[in-house]
Amino acid sequence: MTERIERDSLGEVRIPADALYGPQTQRAVENFPVSGQTMPVDFVRALLQVKRAAALANGALGQMDDARISAIVDACDTLLADPQLMQHFPVDVFQTGSGTSSNMNANEVIASVASSSLGQRVDPNDHVNCSQSSNDVIPCTIHVSAAITLEQSLLPALDHLQETTRAKAVEVAHHLKTGRTHLMDAMPVSLGQTLEAWADQVQHACGLLLQQRTELLALGQGGTAVGTGVNAPAGFSEQFCAQLEKSTGLPFTPAANPFTRIGSQDVAVALSGALKVCAVAVTKIANDLRWMNSGPLAGLAEIELEALQPGSSIMPGKVNPVIPESAAMAAAQVMGNDLAITLAGQSGNFELNVMLPLLAHNLLQSLQLMANSSRLLADRAIRSFAVNEQQLQRSLARNPILVTALNTRIGYAQAAAIAKRAYAEQRPILEVAAEETDIPREELAALLDPARLVCPEDPG
């Protein structure tokens, strides 16, 4: 491999000749061969947006000559426009806890592109990093990347899941099924009621996520090294947020207290908590789908999920609920990520949190996992499942728990005896109740009608 030699404050460094980055990035590559996982693309793209906004803010405040400002902005635009250039951001997630290596990686790559186009040196520290520190850039980028992903990916996906589920609820509302508590037969419900409950769970998760949106939009950029704003000009935070809003469309504002945004990551922890609630809702929906689809002969077989791929390498004809399984695994990863984010959030030592890269990686992964899984559940499971009406009716007719409707007429003890006999003899509850009580059969049929029980006139 052809190499070039560059110097930094620690001495000479050998760097791949075609790399756009410089010595500090190369040192990080050599120092942190930990996971092979680089920082998420969404994080890198947000970091480039941060650098672009910072350059424009510096220009507005007279901190740098116009030629270098334009070169830095154009370099950021070039890097944002070409996905192939993401290969020049090779730093491992498990790096220095402040994310300094990622900040310098961006500074070096931007400086390299800007210098090439300008024809004169653009310095990574003096120019690209002007009025900034890794200590405010990386926490700021966590907020920016999470806010963009939340706004552009997760919230639209959850809205789609909710809308698809509610539409399906209307479509299947007339189908009645055996309700289940403890996985055991219970009073009947409609399929519409089941799906509306799923949609309400998703709506609740959206509400929790939206509560964190405002906090995400408050940025500590301009606090520089420890929150005091040393080496940043007056008005930098305001100029920076105004420029970032122009490029992203999101109403970012300076945080009331930059110390909080640099020394802690409570907003990210809270957002992760909301993501965990979202993951719990997705798991509930996925597992209900799996149970209702189980069979087709020895399970519940109440619905039939869309057949997407063969389910076994040895059992011909087997088809599995692959989308709900995928969603449940993604949700489990989000729950695991939440624990790591919580532990990372504890690592705010005095004026700086020192687990920022891990936090950024896990938070963005959780946002994207929930976004992708929500759309798949909506489009490849909920929207397309078919209802097995014959199986629903068969189970309802034999459900001894329907006798609950007779409690107020014959008492709990006699009703329990009827239920036990119906179950033991595998007979419809209506037939046994007609033999065991003096209630006319027509009245029994009305009392035990599942449709009346699904929407009782007196819920009490």
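Residues numbered from 1 in each chain as written. Predicted model: local features only at pLDDT ≥ 70, side-chain atom pairs only at ≥ 80, totals over all residues. Heavy atoms only, no water.

Draft legend 1. Structural view of the overall build of the protein. Helix and strand content of the protein: 18 helices and 10 strands. On C-alpha atoms alone, the protein measures out to a radius of gyration of 30 Å, which is more than a quarter above the 23 Å that the 2.2 N^0.38 rule sets for 460 residues. Projected onto the principal axes, the alpha-carbon positions of the protein cover approximately 100 × 50 × 35 Å. Residues classed as buried in the protein amount to 50% of the 460 residues present. Pairs at least 24 apart in sequence give 71% of the contacts found in the protein among residues at least 6 apart. (Helix = DSSP H or I, 4+ residues; strand = E, 2+ residues; numbered from the N terminus. Rg over C-alpha atoms; globule rule 2.2 N^0.38 Å. Buried < 20%, exposed > 50% of the residue type's maximum accessible area, 1.4 Å probe, protein only. Contact = heavy atoms within 4.5 Å.)

Draft legend 2. Structural detail: empty space enclosed by the protein. Going through the model one piece at a time under the given rule, you end up with 2 cavities of 30 Å³ or more. Considering only enclosed or pocket space, the largest cavity measures out at about 50 Å³ in volume. As for the largest cavity, its lining consists of M39, F43, V44, L47, F89, P90, V91, S102 and N105. Only α2 (41-60) and α4 (100-118) provide two or more residues apiece to the lining of the largest cavity. Looking at the lining of the largest cavity element by element, the count peaks at 3 residues for α2. Residues that form the lining of the largest cavity fall into these classes: 7 nonpolar, 2 polar and no charged. For the second largest cavity, the calculated volume is near 40 Å³. Considering every element that reaches the lining of the second largest cavity, the biggest residue donor is helix α11 (residues 322-345), with 3 residues. (1 Å grid on protein atoms, 1.4 Å probe; cavity = no way out; pocket = protein on both sides within 12 Å on 5 of 7 lines; lining within 4 Å. Points joined across faces, edges and corners; volume = space filled by probe spheres on them. Nonpolar A, V, L, I, M, F, W, Y, C, P; charged D, E, K, R; others polar.)

Draft legend 3. Up close: the pairing of strand β3 (residues 176-181). Here β3 runs beside strand β4 (residues 184-190); their pairing, made up of 5 bridges, is antiparallel. Following the sheet pairing, T178 is matched in β4 by P188. Counting the residues in the hairpin turn of β3 and β4 gives 2 residues, including H182, whose phi is positive at 60°. (Pairing = 2+ DSSP bridges.)

Draft legend 4. Structural context of the environment of N287. Position of N287 among the secondary structure elements: in helix α10 (residues 266-293). On the basis of relative accessibility, which here comes to 24%, the residue N287 falls in the partly exposed class. The spacing of N287 and D77 is 210 residues in sequence and 44 Å in space, taken between C-alpha atoms. Within the local environment of N287, its side chain forms a polar contact with the side chain of R290, the two groups lying 2.7 Å apart. (Polar contact = N/O pair within 3.5 Å; in protein donor to acceptor, adjacent residues only side chain to side chain.)

Draft legend 5. Seen up close, unusual backbone geometry. A cis amide bond links G295 to the next residue, P296, at an omega of 10°. Of note, P296 is situated in the loop between α10 and β7 (303-304). Non-glycine residue N231 carries a positive phi angle of around 70°. Its place among the elements puts N231 in the loop between β5 (218-219) and α8 (236-248). The backbone of A301 shows a phi angle near 50°, a positive value even though the residue is not glycine.

Draft legend 6. Spatial organisation of the packing of α10 against α11. The interhelical angle for the contact between α10 and α11, taken along N-to-C directions, is 160°, at an axis separation of 8 Å. Between α10 and α11, the angle falls in the class roughly antiparallel. Of the two possible hands of crossing, α10 and α11 adopt the one that is left-handed. The residue inventory of the contact of α10 with α11, partitioned by class, reads 15 nonpolar, 5 polar and 4 charged. (Axes fitted to C-alpha atoms, helices over the stretch in contact; angles between N-to-C directions. Parallel < 35°, antiparallel > 145°, perpendicular 65-115°, else oblique. Left-handed = near helix turned anticlockwise from the far one by under 90°.)

Draft legend 7. Quick peek at the environment of N349. As for its position among the elements, N349 is in strand β8 (residues 348-349). Judged by its relative accessible area of 46%, N349 falls in the partly exposed class. Separated by 85 residues in the primary sequence, N349 and S264 have C-alpha atoms spaced 8.2 Å apart.

Draft legend 8. Examining the packing of aromatic side chains more closely. All told, the structure shown has 1 aromatic pair when counted by the stated rule. With centroids separated by 6.2 Å and ring planes inclined at 20°, the aromatic side chains of F236 and F240 adopt a geometry described as stacked. Within this pair, F236 and its partner F240 are both found in helix α8, separated by 4 residues, close to a single helical turn. When its relative accessible area of 0% is taken as the criterion, F240 is described as buried. Over the face of the ring belonging to F385 we find K168, whose NZ or CZ atom lies 4.6 Å from the ring centre. (Phe/Tyr/Trp six-rings, centres within 6.5 Å; stacked < 30°, edge-to-face > 60°. Lys NZ or Arg CZ within 6 Å of the ring centre and 35° of its normal.)

Draft legend 9. Local environment of the nonpolar core. Counting 109 residues, the largest nonpolar core has F240, L289 and M370 as its most contacted members. Tallying contributions element by element places helix α6 (residues 134-171) first for this core, with 15 residues. The residues touching L289, leaving out its near neighbours within four places in the chain, are W198, I303, L305, P324, L377, A381, I382 and F385. Judged by nonpolar contacts, the second largest core, of 17 residues, contains A419, V432, A433 and I439. (Core = buried A, V, L, I, M, F, W, Y, C linked by side-chain atoms within 4.5 Å.)

Draft legend 10. Layout of the side chain of S131. In this fold, S131 is placed in the loop between α5 (124-128) and α6. Judged by relative accessible area, which is 5%, S131 ranks as buried. Contacts of S131, omitting those with residues within four sequence positions, involve N58, Q63, T224, N231, A232, P233 and F236.

Draft legend 11. Quick peek at helix α16 (residues 429-436). Regarding α16, the residues found buried are I429, V432 and A433. Taken around the axis of α16, the buried residues stretch over an arc of 100°, which confines them to a single face. Close packing links the buried residues of α16 with α13 (389-397), α15 (412-425) and α17 (441-447). (Arc of directions from axis to C-beta.)

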